[in-house]
Amino acid sequence: MSLEKAGKILVISSNAGLTEIIKKTSSGAIEISDANGETGMDTARKTAFDLIALGYLEPAGTLLPLYRKLRDSWITRNTPKLVVDFADAEPSKRAVLPEETGKIPAADYVLLTNATTLAPLFDKVRDLLAKRGNPLKEAILNPAVFAVTWEQIPGRGALEASQEEAIENTRRAVSKGKGKIHGVSVTDNPGGNPAISTEMLCAEIKKLGIEPLAHIALRDKNRNEVESLLSGLAANGVRNLLMLTGDFPETSAFNSKPKPVFDLDSVQALQLVEKMNQGIEYENMGKKAALKPTDFFAGAAISPFKAVESELMGQYFKLKKKIEAGAKFAILQVGYDARKMHEVLTWLKVNQYQLPLIANIYVLPYGAAKTMNAGNIPGCVVTDKLLKQLDEERAAKDKGKQARLDRAAKMYAIAKGMGYAGAHIGGHGIGYDTVDYIVTKGEELSNKWQELLPEFDFPQKDGFYLYERDDKTGLNTEKPSVRMEKGMHPAVYMLSRGAHATLFNPKSLVFKSLRPMAKGLDGTNGGKGALERAEHAAKAMLFGCQNCGDCGLFDVAFLCPLSQCPKNQRNGPCGGSLNGWCEVYPNERQCIWVRAYDRLKAHKKELEIAENTVPPNDWTLQNTSSWLNFYLGRDHTAKRLGIKPPEKKAKKEEKK
């Protein structure tokens with residue numbers, strides 16, 4: 001017999017035999033550490049274990065207090081604990097003394113007798129390690145399983161009916177949906193409106209016995225708050241994350257619209273998660289320290305339902321960065337075009353990315369469809385053709401209910417047939433019976449998914465597809481479509497390109513000659529201040545400069561991501577644009593990444609958008625000269641190009 005579930009076990013016992021028993025039967029699948037009663041607590045706190053096994057401890061009677069201490073400790077409270085006892089041991093050598101019987105829960109206790117084998121011990125260990133696992137992660141990564149998450153939308157306030165509904169739905173998912181529902185998804189301040197915090201609700205959902213999927217919207221949080229929130233989730237055993245830009249804030253907050261934050265974008269947030277999983281290193285009182293690694297399973301969103309070439313390409317450029325930043329899965333935005341659903345799979349295959357995709361199945365009533373069709377729910381696409389169909393369906397006696405349930409089930413079947421890893425099921429006010437119907441009916445239809453494809457032919461007007469159409473299936477070939485969009489040559493861009501090629505090219509003679517001057521100017525007060533004012537005045541007029549000091553113009557084809565993008569996106573577009581227009585200023589401002597694509601395409605440089613992942617803004621440079629910061633190797637672009645700060649001249653040795 002062997003313990004097949006991998007993990008780390010700490011054995012705390014004065015009886016070395018317990019450690020040896022587990023070691024001999026683990027077949028190397030388990031990393032085992034041991035400790036005695038004196039060192040056990042410290043060892044348990046220093047390393048994250050998947051199970052703590054306790055055996056007989058000397059002196060007798062010390063096991064129960066240690067067990068309770070481990071149970072109540074902040075660090076070890078969520079770690080499964082197992083007390084192992086032997087019935088044939090002398091009373092004084094038993095792990096649990098006679099007078100302590102019943103004081104340790106049966107779930108945490110195993111008694112081995114002469115008449116039994118060691119099977120009960122291994123069964124217990126295996127079960128506890130399984131509980132320590134991440135069933136949602138395992139479902140998404142298992143090709144033989146079609147993972148299902150059920151989205152819950154928390155409302156505003158602390159003790160409201162919407163919060164009760166989310167908890168009751170979770171209870172139903174646990175009691176009725178075993179084997180069908182693998183996780184419960186919780187949105188974060190949906191629609192940019194205040195709601196009960198996703199981390200608090202996810203912690204409660206975790207206690208109910210199912211894996212939560214916490215949405216983390218970066219709209220409301222700076223990087224400190226994001227790390228703080230993630231630390232809280234990790235402490236409560238919430239490990240599944242969906243890192244999102246987030247909708248722009250609405251006016252329903254206290255005393256009107258809140259200030260948007262967007263200190264990190266989704267790419268940078270995924271990088272933070274990866275750092276936390278590795279164990280963040282930092283300085284504390286001048287000494288290097290490291291945090292314990294977390295165990296997050298983080299994903300991202302992708303919006304393939306875009307009509308404009310430049311808009312769509314930006315989504316794929318950014319998805320590439322998300323994958324490189326550590327995204328382990330991706331969930332689609334809401335859309336009903338089967339060819340677009342297939343397009344993402346094709347892109348992944350062509351680019352040789354092994355990324356599980358989750359289809360977004362929103363149970364669509366006419367009212368929500370009308371709102372999406374008008375572009376009032378960012379990123380969600382409902383075409384005129386689909387809206388008309390829904391309008392006709394609501395003439396039925398049930399006002400179209402059965403038709404929309406069947407549509408969701410058919411989307412489920414298509415997603416499974418195409419090769420998606422799972423489905424993310426949502427919709428306003430849907431109950432467990434609705435989810436159960438979609439899953440059950442979807443499974444029934446999955447063998448004939450190709451026959452259903454014509455029912456999901458909802459192209460956008462003049463919409464661009466990344467690949468040419470496959471006439472046999474109505475989906476996509478792997479042959480790229482002709483990209484007809486023409487580039488642009490605005491005067492300010494051409495001027496900026498020329499200045500960059502001479503003034504900000506580390507290889508140019510101009511740069512090399514000006515660098516010593518920059519160093520000298522940086523050491524003065526009056527000269528440096530005059531340069532800062534002159535630079536800001538010029539760049540404010542040309543680019544709307546916010547004087548951040550860590551200039552992003554080089555990253556977005558000389559468009560400022562701070563002043564010209566309401567969400568400050570430095571690594572690519574958010575998913576909220578529509579027909580190339582900014583989510584916040586529809587029909588007024590083009591998305592800056594659409595403009596950047598067009599500028600770069602005129603010079604056959606549009607692929608550069610996908611090349612460099614831009615770090616978050618360095619706010620220590622705010623209100624300083626970005627020119628000096630570049631020349632002296634302080635900003636992110638200089639560091640990327642290998643421009644190092646000038647070496648300081650060694651002080652001459654003082655004469656004795």
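Residues numbered from 1 in each chain as written. Predicted model: local features only at pLDDT ≥ 70, side-chain atom pairs only at ≥ 80, totals over all residues. Heavy atoms only, no water.

Chemist: Help me understand the overall build of the chain in this model?
Modeler: Each helix and strand counted, the chain has 22 helices and 17 strands in total. Overall size of the chain, expressed as C-alpha extent along the three principal axes, is 100 × 90 × 50 Å. Residue burial in the chain is summarised as follows: out of 656 residues, 49% are buried. Across the chain, the fraction of contacts at a sequence separation of at least 24, relative to all contacts at a separation of at least 6, is 73%. Total accessible area on the chain stands at roughly 31,800 Å², and carbon and sulfur atoms take up 52% of it. If the 91 positive side-chain charges of the chain are averaged to one point and the 78 negative ones to another, these points end up 5 Å apart. (Helix = DSSP H or I, 4+ residues; strand = E, 2+ residues; numbered from the N terminus. Buried < 20%, exposed > 50% of the residue type's maximum accessible area, 1.4 Å probe, protein only. Contact = heavy atoms within 4.5 Å. Areas by Shrake-Rupley, 256 points an atom, 1.4 Å probe, with all protein chains shown as cover. Lys, Arg positive; Asp, Glu negative; His and termini not counted. Charge placed at Lys NZ, Arg CZ, Asp CG, Glu CD.)

Chemist: What is the right way to look at the sheet that holds strand E4 (residues 81–86) in this model?
Modeler: In sheet architecture, strand pairing relies on hydrogen bonds along the backbone and comes in two forms, parallel and antiparallel. Pairing in this open sheet of 5 strands is parallel, and the strands run E2-E1-E3-E4-E5 from one edge to the other. Two strands in the sheet have a free side with no partner beyond their single neighbour: strand E2 (30–35) and strand E5 (109–112). Across this sheet, the average inter-strand angle for adjacent strands is 25 degrees, counted without regard to direction. Here E4 runs beside E5; their pairing, made up of 4 bridges, is parallel. By the bridge assignment, Val84 is partnered in E5 with Val110. (Pairing = 2+ DSSP bridges. Axes fitted to C-alpha atoms, helices over the stretch in contact; angles between N-to-C directions.)

Chemist: What is the right way to look at the environment of His636 in this model?
Modeler: Assignment of secondary structure puts His636 in helix H22 (residues 636–640). Given the relative accessible area of 9%, His636 is considered buried. The sequence separation of His636 and Asn476 amounts to 160 residues, and the corresponding C-alpha distance is 39 Å. Apart from residues lying up to four places away in sequence, His636 is in contact with Asp550, Cys551, Gly552, Asp555, Arg570, Val614 and Pro615. Here the side chain of His636 touches Thr637 through a polar contact of 3.3 Å, side chain to side chain. (Polar contact = N/O pair within 3.5 Å; in protein donor to acceptor, adjacent residues only side chain to side chain.)

Chemist: Looking at this model, I keep getting lost on the packing of aromatic side chains. Mind explaining?
Modeler: For any pair of aromatic rings, the description rests on two quantities: the centre-to-centre distance and the angle between the ring planes. A full pass over the atoms with the stated rule returns 16 aromatic pairs. Ring geometry for Tyr316 and Trp347: centres 5.2 Å apart, planes at 35 degrees, overall tilted. With Tyr316 in helix H10 (residues 309–325) and Trp347 in helix H11 (residues 338–350), this pair connects stretches of sequence that are 31 residues apart. The burial state of Tyr316 is the same as that of Trp347; both residues are buried. The lysine or arginine in question, Arg77, covers the ring of Trp74, its NZ or CZ lying 4.1 Å from the ring centre. The ring of Tyr366 has Arg394 sitting right over it, with the charged end atom 3.9 Å from the ring centre. (Phe/Tyr/Trp six-rings, centres within 6.5 Å; stacked < 30°, edge-to-face > 60°. Lys NZ or Arg CZ within 6 Å of the ring centre and 35° of its normal.)

Chemist: Hey, could you run me through the pattern of salt bridges in this one?
Modeler: Pairing is possible between side chains that carry opposite charge, provided their charged atoms lie close to one another. As enumerated under the stated definition, the model contains 28 salt bridges in all. Residue Glu211 pairs with Arg239 through a salt bridge whose shortest N-O separation is 3.0 Å. Of this pair, Glu211 sits in strand E8 (residues 211–217) while Arg239 sits in the loop between helix H8 (223–235) and strand E9 (240–244), and the two are 28 residues apart along the sequence. Across the salt bridge formed by Glu455 and Lys410, the nearest N and O atoms sit 2.8 Å from each other. Residue Glu455 is found in the loop between helix H16 (449–452) and strand E16 (467–469), and its partner Lys410 is found in helix H14 (residues 401–418); the two are separated by 45 residues along the sequence. When salt bridges that share partners are traced, they join Lys206, Glu211 and Arg239 into one network. (Salt bridge = Lys/Arg side-chain N within 4 Å of Asp/Glu carboxyl O.)

Chemist: Would you mind going over the environment of Leu466 with me for this structure?
Modeler: In this structure, Leu466 sits in the loop between H16 and E16. In this structure, Leu466 is in contact with Leu312, Met313, Tyr316, Glu343, Trp347, Pro480, Ser481 and Arg483, ignoring residues within four places of it in sequence.

Chemist: Help me out: how do you make sense of the confidence of the model for the chain in this one?
Modeler: Reading predicted coordinates in detail is not appropriate for stretches of low pLDDT. On average, residues of the chain score 93 in pLDDT, and 97% of them are at 70 or above. Throughout residues 651–656 the model reports pLDDT below 50, and contacts reaching past four residues in sequence, or to other chains, amount to 0 contacts. (pLDDT = per-residue confidence, 0-100.)

Chemist: Help me understand the pairing of strand E11 (residues 287–290) in this model?
Modeler: Each regular strand shows side chains that alternate between the opposite faces of the sheet. Pairing geometry for strand E10 (residues 281–284) and E11, over 4 bridges, is antiparallel. Bridging across to E11, Glu281 finds its partner in Ala290. In this antiparallel pair of consecutive strands, E10 and E11, the connection spans 2 residues, and Met285 shows a positive phi of 55 degrees.

Chemist: What exactly am I supposed to notice about a nonpolar patch on the surface here?
Modeler: A contiguous nonpolar surface patch, about 340 Å² in accessible area, is contributed by Leu495, Met541 and Leu542. By secondary structure assignment, the location of Leu542 is in helix H19 (residues 526–543). Residue class for Leu542 comes out partly exposed when judged on its relative accessible area of 40%. (Patch = residues over 30% accessible without salt bridge, like charges linked within 9 Å, V, L, I, M, F, W, Y side chains within 5 Å.)

Chemist: Just to check I follow, could you spell out the side chain of Ser266 for this structure?
Modeler: Locating Ser266 in the fold gives a position in helix H9 (residues 266–278). On the accessibility criterion, Ser266 (1% relative accessible area) is buried.

Chemist: Mind showing me how you'd approach the sheet that holds strand E14 (residues 357–362) here?
Modeler: Here 8 strands make up a closed barrel; going around it, the order is E6-E7-E8-E9-E12-E13-E14-E15 and the pairing parallel. Adjacent strand axes in the sheet meet at a mean angle of 30 degrees when their direction is disregarded. Both E9 and strand E12 (residues 297–302) contribute to a ladder of 3 bridges, which runs parallel. Residue pairing across strands places Leu242 opposite Gly299, the latter belonging to E12.

Chemist: How do you make sense of helix H13 (residues 384–393) when you look at a structure like this?
Modeler: For an α-helix the count is 3.6 residues per turn, leaving residues at separations of three or four pointing the same way. Considered for burial, the residues of H13 that qualify are Leu386, Leu387, Leu390 and Glu393. Down the axis of H13, the buried side of the element spans an arc of 120 degrees, and every buried residue falls inside it. Residues of H13 that are exposed and angled more than 90 degrees away from the buried face: Asp384, Lys388 and Glu392. Summarising the contacts, the buried residues of H13 are in contact with helix H12 (366–373) and H14. (Arc of directions from axis to C-beta.)

Chemist: What is the right way to read the side chain of Asn169 from this model?
Modeler: Mapped onto the secondary structure, Asn169 falls in helix H6 (residues 161–176). Taking relative accessible area as the criterion, Asn169 reaches 4% and is therefore assigned buried. When sequence neighbours within four positions are dropped, the list of residues in contact with Asn169 reads Trp150, Gln152 and Ile430.

Chemist: Teacher, can you tell me more about unusual backbone geometry here?
Modeler: In most cases, non-glycine residues show a negative phi, while peptide bonds are predominantly trans. Residues Glu58 and Pro59 are joined by a peptide bond in cis, for which omega reads -10 degrees. Phi at Ser256 is positive, roughly 85 degrees, even though this residue is not glycine. In this structure, Ser256 sits in the loop between E9 and H9. Using a relative accessible area of 41% as the deciding quantity, one classes Ser256 as partly exposed.

Chemist: How should I be thinking about the packing of H9 against H10 in this particular structure?
Modeler: For any two helices packed against each other, the geometry comes down to the angle between their axes and how far apart the axes lie. Put simply, H9 and H10 touch, their axes get as near as 8 Å, and they point 10 degrees apart. Classified by the interaxial angle, the pair formed by H9 and H10 is roughly parallel. Contacts between H9 and H10 involve Ser266, Val267, Leu270, Gln271 and Glu274 from the former and Lys318, Lys321, Lys322 and Ala325 from the latter. In terms of residue class, the contact of H9 with H10 is built from 3 nonpolar, 2 polar and 4 charged. (Parallel < 35°, antiparallel > 145°, perpendicular 65-115°, else oblique. Nonpolar A, V, L, I, M, F, W, Y, C, P; charged D, E, K, R; others polar.)

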